[in-house]
Amino acid sequence: MNDHPQASSPFRTSQLEENDGPGHNASENPTMGEIISSRFSRRGLLKGSLAVAAISATVSPIALILADEARAEAASAFSFDELEAGVDETHHVAAGYDADVLLRWGDPLFADAPAFDPANQTAEAQAKQFGYNNDYVGFVPIDGSADHGLLVVNHEYTNPHLMFPGLVKIVDGKVEQGPLSREQVDIEMAAHGGTIVEIRKVDGKFQPVLDGKLNRRITSNTEMLLSGPVAGNDRVKTNADPSGTRVFGTVNNCAGGVTPWGTYVMAEENIHGYFAGELPAGHREAANYERMGVPDGSYEWAKFYERFDIGKEPNEPNRFGWIVEVDVNDPNSTPKKRTALGRFKHEGAESSVAPDGRVVFYLGDDERFDYVYKFVTAGTFNPDDRAANMDLLDEGTLYTAKFSEDGSVEWMPLVHGEGPLTARNGFDSQADVLIETRRAADLLGATKMDRPEDIQPNASNGKVYVMLTNNTKRKTDQVDAANPREKNAFGHIIEITEEGGDFAATTGKWEVLLKCGDPSVAEVGASFSTATTADGWFGMPDNCAIDSAGRLWVATDGQGPKATGRTDGLWAVDTEGAARATSKLFFRVPIGAELCGPLFTPDDQTAFVAVQHPGDGGEDWDGFGRASYYEDPSTRWPDFKPDMPVRPSVLAITRQGGGKIGV
Ligand code: FEO
Ligand code: CA
Ligand code: CA
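Report follows, based on the coordinates. Quick caveat: nothing in here was measured; it's all calculated off a predicted structure. (Residues numbered from 1 in each chain as written. Chains lettered and ligands numbered in written order. Predicted model: local features only at pLDDT ≥ 70, side-chain atom pairs only at ≥ 80, totals over all residues. Heavy atoms only, no water.)

Here is a general trend for soluble globular proteins: nonpolar side chains tend to be buried in one another's company. Residues Phe361, Leu363 and Leu414 are the most contacted members of the largest nonpolar core, which totals 70 residues. Residue assignment for this core shows that the elements contributing at least two residues are α6 (160–163), α7 (182–191), β13 (264–268), α8 (286–292), β17 (358–364), β19 (372–380), α9 (430–435) and α10 (437–444). Every residue in contact with Leu414, bar those within four places of it in the chain, is listed here: Tyr373, Leu398, Tyr399, Thr400, Leu421, Gln430, Val433, Thr437, Ala440, Ala441 and Leu444. Ala85, Tyr465, Met467 and Ile546 belong to the second largest nonpolar core, which has 25 residues in total. (Core = buried A, V, L, I, M, F, W, Y, C linked by side-chain atoms within 4.5 Å. Buried < 20%, exposed > 50% of the residue type's maximum accessible area, 1.4 Å probe, protein only. Helix = DSSP H or I, 4+ residues; strand = E, 2+ residues; numbered from the N terminus. Contact = heavy atoms within 4.5 Å.)

So this is what it looks like as structure tokens:
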């Protein structure tokens, strides 16, 4: 067992994304102080030596395991030949499937976009090309087709050490990264944001349509509107925008979602990295910014753009950390930052329609000891009138979750004037509650989680899956029922069943679906089923998808040679019946990468996966063993050409000969 499995990168923007800081939650919400042993699985017990000795039945433990394995295999919802886990410089997919590169960093997105020329990249070219570090992937069908639609992709962040020639030098064995030029910062800003691109299946494989009329790049300079309760508030007014309603750009767009009415929502996650400078003495935002880790200064943008210097524009950070909604049907539409969904380090925003027509968005705040949220719209979804849905995200109720030891979950509303959310605690309006969502949730006593990443409602069974990626800082006395392991290096997955299967319910039940990590090491306390093979277990769940058959697929972030002896990838995870908690490896990434997406087309015949930050790392891999940077990367995936850098890319996985995936 390893307390700190992530190899710490020498590069600032990589460190920011490893997110391995102490967390910024200094509130004192109660913890339960003991491990809930009744939630241990049978496998966990059998694998522990003490537990094996304690079994007094005449049936041998081995026989029990074998019987369990047979039952689980028979009951699995998935059918494919499992891939072998491991580490190397390329991607791998299960036998009988193809994983084809669809879009790489720098690929043209418009008929008039220049070809990628990495040694002579410009911001202008980058703004017409696929951005860096693809994360969320969504698909909006055109005319209801599963073969033709808009692919929407977030570009979360940039790795300048892998993007720009000549930036990194190794001096006396130590990494030195030079300062970025203004042009390089401009390229970074153009490589952030999102891509909207038409794709069409030709001869069984998706291809981008470069003359698609709806193709669009969104960047850190795209003009956006602040909408909802915070729009126009004094705390979001700046010198450049005295109205407090117009913002340039979006940053650190991690996961996201596609709404039931076909818009694209982008989550702004680690916004603190982009701000530098010092607040004026006694500024009212000091505590707010401390809770968000602002400023962090991992990026050099403030050198060239005053709005990222909080000494000069102290309110600018309040204009980031939101969910951004984009109307993909109009390439000239102004994206809207929907403030009703709160401000924090938003991981994603997957949604489902409740029985009464209200729409429910599940939201994670990805930091150690931060919270799970959901937003329920006030209005109802109208499937026959798209225009009527376009401002649903401006009104509704934001809730945060309290997970109790008895297996119940309570969704507590963050409403100004209710409970502690009053002027007495510095909340003069709902805008104040939303700008300081974290502090409001602290006061309500929300449960401090092990880094909530993607949260996915499953419309086919009314359940919700919460990926909790890891939290090595959780101490023994901070362990609670919903976060049952101290120094949680490998993360876990919680399954919520909302009351009556209604996603808008304010109460529900929860249980741990899976405690991750190597189940053959008793001390890890992992809880995969006995049918899970040595290739099938994983750690650090991050993104997930539910396919059309209602099956769960989990992508990981943070595995590697040292942490788990395997790269990140995509695992098929059974949630039902005797096979519950059985996991199988389907796809894995090259060295240094994490896996984002994933997404299945409505016919389950294509799975899109986003290979993010390939080649970012390799120090801990015997096949490389040194710092990885532009001139000397740990892999040149996916092109493997000496003059091409390693490139984050989205792949499309299909079954050879066609058909649904994993059946
Ligand atoms: Fe951007 Fe929490 O992953
Ligand atoms: Ca993520
Ligand atoms: Ca992550």
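That covers the picture; the talk isn't over yet.
A sheet is described by the order of its strands in space; here nine strands give the open sequence β16-β17-β19-β20-β21-β26-β25-β24-β23, paired in antiparallel fashion. Only two strands of the sheet have a single partner each, and these edge strands are β16 (350–353) and β23 (452–458). Sheet twist, expressed as the average angle between the axes of neighbouring strands with direction ignored, equals 30°. Along the sheet, α10 makes contact with β19, β20 (396–403) and β21 (408–413), crossing β20 at roughly 50°. (Pairing = 2+ DSSP bridges. Axes fitted to C-alpha atoms, helices over the stretch in contact; angles between N-to-C directions.)

The subject of this paragraph is the coordination of the calcium ion (ligand 2). In this structure, Glu347 (OE), Glu453 (OE), Asp542 (OD) and Asp542 (OD) serve as the protein donors to the calcium ion (ligand 2), at separations of 2.2 to 2.9 Å. Sequence spacing of the donors to the calcium ion (ligand 2): E-x105-E-x88-D. The metal-metal distance between the calcium ion (ligand 2) and the calcium ion (ligand 3) comes to 3.7 Å, with Glu453 coordinating both. Pair noted here: Glu347 is in the loop between β15 (336–338) and β16 and Asp542 is in strand β27 (residues 541–546), with a separation of 195 residues, a long-range link. Neither Glu347 nor Asp542 differs from the other in exposure class; each is buried. (Donors = N, O, S within 2.8 Å, 3.2 Å for Na, K, Ca; no water.)

This part takes up the coordination of the calcium ion (ligand 3). Bound to the calcium ion (ligand 3) are the protein donor atoms Glu453 (OE), Glu453 (OE), Asp542 (OD) and Asp557 (OD), situated 2.2 to 3.2 Å from the metal. Of note, the calcium ion (ligand 3) draws all its donor residues from one chain, in the sequence arrangement E-x88-D-x14-D.

Right, let's get into the sheet that holds strand β14 (residues 323–326). Overall, mixed pairing links the six strands, which are arranged β11-β10-β15-β14-β13-β12 in an open sheet. Looking at the sheet topology across the chains shown, the edges are occupied by β11 (246–248) and β12 (253–258). Each neighbouring strand pair of the sheet contributes to a mean axis angle of 35°, computed without reference to strand direction. Pairing analysis gives four bridges linking β12 to β13, with the strands arranged antiparallel. Following the sheet pairing, Gly256 is matched in β13 by Met266.

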